[in-house]
Amino acid sequence: MAAITGLFIAVGAMIGGQQGMVIAFSFALIMNFFSYWFSDKMVLRMYNAQEVDEISAPQFYRMVRELAIRAELPMPRVYLINEAAPNAFATGRNPQHAAVAATTGLLRILSEREIRGVMAHELAHVKHRDILLSTLSATMAGAISALANFAMFFGGRDEHGRPTNPLASIAVAIFAPLAAALIQMAISRAREFEADRGGALISGEPQALALALEKIHHYAKGVPFAAAESHPATAQMMIMNPLSGASLARLFSTHPEVEERVARLMEMARVGHYPI
């Protein structure tokens, strides 16, 4: 977050001066505020998620409730998505307004212990307020992109309104949004590692989450996730990247490599001491 904030200040000063920097940040903040406040409703609607309770999905609902108690969290709303692709995500602006969702494909291929590991991972995202953090990073990245677009069409201006070096403006317009995206994706990968660790602590079974990640990775490669393909911006929310075109360089991935995630969890299991 310090890196992306520093990048914004540097780009803003170079391209738009103080006034341009304030305008770009305000624009991005307004856009991302609405995204943050209403993200749960929007995403759940995109995936046609159906809310369940102790009557419609008793075993799954009770599992989430037991994990929420262990994590010392309010009970989130629980949803199921009728999709064969195995995946899950958490959403909501804070723990009091959180929701967790899993696909029917995930419940079908995983054991009960593995499902517990996955849902504990999602509750760790809620506990760590990762939706807020991702919104903050998206706000800064959006502001940097807005400044870059300004430079592309109007050229850079310093705080006194004088034109800056045109070559510098073009370079910033091209590379600043790329740098912001790289930092944003690095934040996303770091939060996935931390949610893996937190999920292992909540469930008390890091090995079960590791096995779940391996299974999801194996099955997801052959099962398209239509809703995720239609809304690729939501891919970073999932426990596993659901997009079929995921053969990107590691720097451009919103998720860490599965092998590294599994190795870290197995090390936790080997050490064998993971109190909540």
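The rules we used
Residues numbered from 1 in each chain as written. Predicted model: local features only at pLDDT ≥ 70, side-chain atom pairs only at ≥ 80, totals over all residues. Heavy atoms only, no water. UniProt positions renumbered as here; feature names shortened; annotations may be inferred. Phe/Tyr/Trp six-rings, centres within 6.5 Å; stacked < 30°, edge-to-face > 60°. Helix = DSSP H or I, 4+ residues; strand = E, 2+ residues; numbered from the N terminus. Buried < 20%, exposed > 50% of the residue type's maximum accessible area, 1.4 Å probe, protein only. pLDDT = per-residue confidence, 0-100. Pairing = 2+ DSSP bridges. Axes fitted to C-alpha atoms, helices over the stretch in contact; angles between N-to-C directions. Contact = heavy atoms within 4.5 Å.

The name that an unreviewed UniProt entry assigns to the chain is Peptidase M48 domain-containing protein, with the source organism given as Linnemannia gamsii. The UniProt entry for the chain carries the following comment under Subcellular location (unreviewed entry): "Cell membrane".

Colleague: Give me the packing of aromatic side chains: which residues, what numbers.
Modeller: Under the defined criterion, the tally for this structure stands at two aromatic pairs. Taken together, a centroid distance of 5.6 Å and an interplanar angle of 50° make the contact between Y47 and F89 tilted. Taken together, the positions of Y47 in the loop between helix 2 (17-46) and strand 1 (50-52) and F89 in strand 3 (residues 88-91) put the pair 42 residues apart, joining distant regions of the chain. Overall, F89 belongs to the buried group, its relative accessible area being 1%. Residues Y47 and F225 carry aromatic rings whose centres are separated by 5.5 Å and whose planes lie at 70° to one another, so their mutual orientation is edge-to-face. Residue Y47 is located in the loop between helix 2 and strand 1, and its partner F225 is located in the loop between helix 8 (206-220) and helix 9 (226-230); the two are separated by 178 residues in the primary sequence. Both residues of the pair, Y47 and F225, belong to the buried class. Among the aromatic side chains, those forming a connected cluster through ring pairs are Y47, F89 and F225.

Colleague: So, the confidence of the model for the chain: which residues are in play, and what are the values?
Modeller: In low-pLDDT regions, the fine details of the predicted coordinates are not to be read closely. Across the chain, the average pLDDT comes to 81, with 73% of residues at or above 70. The element-level mean pLDDT for the chain is lowest in helix 1 (residues 2-15), coming to 67, with helix 3 (residues 58-70) highest at 98.

Colleague: Explain the sheet that holds strand 1 to me, using residue names and the numbers behind them.
Modeller: Strand pairing in a sheet relies on backbone hydrogen bonds. The paired strands run either parallel or antiparallel. Strand order in this open sheet of four strands is 1-2-4-3, and the pairing throughout is mixed. Across the chains shown, the open sheet's two edge strands, defined by having one partner strand only, are strand 1 and strand 3. Ignoring strand direction, the axes of neighbouring strands in this sheet form an average angle of 30°. Both strand 2 (residues 77-81) and strand 4 (residues 99-103) contribute to a ladder of five bridges, which runs parallel. Note that in strand 4 the partner of Y79 across the bridge is A101. Seen against the sheet, helix 3 touches strand 1, strand 2 and strand 4 and runs at an angle of roughly 135° to strand 2.

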